[in-house]
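Single-letter residue listing:
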Amino acid sequence: PKKDTIALQHGAHRIGNRTDADMARWRSLRFGQFIHWGVYAIAGGEWNGKVYNGAAEWIRSWKEMPHEEYDKLYRQFNPVNFNPQQWASQAKDMGAKYMIITTKHHDGFCLWPSKYSKYNIAASPWKKDLLGPMIDAYNKAGIDVYLYFSIIDWNHPDYRPSLKNAADSAAGKRFQVFVKNQLAELLQRYPTIKGFWFDGTWDASWKNDGAFTDELEQYLQSIHPGLVMGSRLRADEKGARHFDSNGRLMGDYEQGWERKLPEKIEDVHGNDWEAVMTVPENQWGYHAKWMGHVKSANEILEMLVKSVSLNGNFVLNFGPKADGTFRKEEQDLMTNIGAWMKVNGDAIYNGTYAGFEKQDWGYYIRKTGTDSVYMVVFNMPVSGNLRVKMPARTYLTGVSMLQNNVPLTPELIGREEYFLRLPNKQSDVPVVILLKTSTKE
Ligand code: JFZ
């Protein structure tokens, strides 16, 4: 490893990935569900008959919508059709092993009855906690829960993007206390959560106080050991975010893969990482009028498989409606992804980079710590011949179709190199082949 050149007190405190059981669990889950839900779902990307072109959860920042109007929306927030058991069972059927819920987005509205802000769910017609029942239902379905929390808070009187004078600095100090209080409150109310997913940390007021981000991360770890928190929380004392001024990752995994994926294993530098993805182009909260391309189940599956093949987690976002139901497009997507995952999920969970030379037909995924390697085929060659080039001194000992265990006979075409012949037929969904391998000394 390269030597650090800059002395830092608040840079990375660890070299390499975490090796404890909590982190190993996060790493094994591989597929998550993200949920952006808040009062922005009431507007659904529209105001006064006009459609907002930006991300629906940002509509408050649109010049067409006065802040006073947005800040009154909570008086209508009443998700009468919210059924946490149904949410959890559809996530489970899709194959998600963890979920991330927006406890508070940039608008500052809290989905839990916070002691520290009146702008919360208890003030809405719904009146009662939303997070508690949601977390319970997901946990009962065997799904780990992570809490999204925005540092940027458009509703809080002490939030400042930058600190320009003594009064700003005083407000900034009060705001830090508020953040700390809210996070401790969440941990105290919801002790089963596995981590936080921080956002809204790009403003100068936050990134210029690396010491505070460091103390906060350690404080949260001290009250809830094992918490998993990505790199987006932290800055070092020189204002470097995600990676410190020596280029070392801060936090537990790289959290910058947003609506984009790495192309090759070198792009992730050996770090744990997670990608978050929207179904349409750039919509996280509910937008009634999706614009542009909407991803299909096969496109999403390819992103999931590619992520796992490069040692990452993949999280797919959903934006429920204000009444607590999911739009038809999202329901259908969950059903279609789930149908594939039920047959082929073995290739995903506990999957890791296989160390095989990439081929044009798709992706390899190794079951962590084993000699089992899955080939997930997205591009069937017209010849029907799938090339497999094994690493040095590695040999095939068995080949079968994952969906039905039907064996395939490999043809040796070179040193440690094979063709697997499949019927030259396009499949409607990716096909998975299981390779059993062995390595000779
Ligand atoms: C942020 C939010 O502003 C957005 O509303 C949503 O919650 C998303 C998950 O996070 O948006 C970002 C944050 C970081 C990047 C892009 C969009 N980034 O690092 O490229």
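Fair warning: this is a prediction, and the values are worked out from it, not measured in the lab.

**Quick look at the packing of helix 9 (residues 297–309) against helix 10 (residues 328–344)**
Working step 1: Two elements in contact, helix 9 and helix 10, have axes whose closest approach is 9 Å; the angle formed by their N-to-C orientations is 50 degrees. With respect to helix 10, the axis of helix 9 lies oblique. Along this stretch, helix 9 crosses helix 10, giving a crossing that reads as right-handed. Packed against helix 9, whose contacting residues are A297, I300, L301, L304 and V305, the element helix 10 presents L333, N336, I337, W340 and M341 at the interface.

**Let's talk about the sheet that holds strand 17 (residues 417–421)**
Working step 1: The antiparallel open sheet is built from 3 strands, whose spatial order is 14-17-16. Single-partner strands in this sheet number two, and they are strand 14 (385–389) and strand 16 (411–414). When the angles between neighbouring strand axes are averaged without regard to direction, this sheet yields 35 degrees.
Working step 2: Alignment of strand 14 against strand 17, held across 5 bridges, turns out to be antiparallel. Opposite L386, over in strand 17, you have L420 as the bridge partner.

**A look at the packing of helix 6 (residues 166–189) against helix 8 (residues 210–223)**
Working step 1: At a minimum axis distance of 11 Å, the contact between helix 6 and helix 8 shows a crossing angle of 20 degrees. Considered as vectors, helix 6 and helix 8 are oriented roughly parallel to each other. For helix 6 against helix 8, the interelement crossing comes out right-handed. Across the interface between the two elements, Q176, V179, K180, L183, A184 and L187 of helix 6 pack against F212, L216, Y219, L220 and I223 of helix 8.
Working step 2: Of the residues that constitute the contact of helix 6 with helix 8, the class distribution is 9 nonpolar, 1 polar and 1 charged.

**Remarks on the domain arrangement of the chain**
Working step 1: Along its sequence, the chain is carved into domain 1 (21–349) and domain 2 (354–439).
Working step 2: The C-alpha-based centres of domain 1 and domain 2 are spaced at 36 Å.
Working step 3: Taken together, the 14 residues of domain 1 in the interface contact 13 residues of domain 2.
Working step 4: Carbon and sulfur atoms supply 63% of the area that domain 1 and domain 2 bury against each other, a total of about 1300 Å² over both sides.
Working step 5: When the buried surface of domain 1 facing domain 2 is broken down by residue, E302, W340 and A347 rank first, second and third, together holding 35% of it.
Working step 6: Linking domain 1 with domain 2 are 0 salt bridges, by the criterion used here.
Working step 7: At the boundary of domain 1 with domain 2, the tally comes to 5 residue pairs in polar contact (both at pLDDT 80 or more).

Parameters at a glance
- Residues numbered from 1 in each chain as written.
- Predicted model: local features only at pLDDT ≥ 70, side-chain atom pairs only at ≥ 80, totals over all residues.
- Heavy atoms only, no water.
- Axes fitted to C-alpha atoms, helices over the stretch in contact; angles between N-to-C directions.
- Helix = DSSP H or I, 4+ residues; strand = E, 2+ residues; numbered from the N terminus.
- Parallel < 35°, antiparallel > 145°, perpendicular 65-115°, else oblique.
- Left-handed = near helix turned anticlockwise from the far one by under 90°.
- Contact = heavy atoms within 4.5 Å.
- Pairing = 2+ DSSP bridges.
- Nonpolar A, V, L, I, M, F, W, Y, C, P; charged D, E, K, R; others polar.
- Domains from an automatic or database assignment.
- Buried area = accessible area lost by both parts, 1.4 Å probe.
- Salt bridge = Lys/Arg side-chain N within 4 Å of Asp/Glu carboxyl O.
- Polar contact = N/O pair within 3.5 Å; in protein donor to acceptor, adjacent residues only side chain to side chain.

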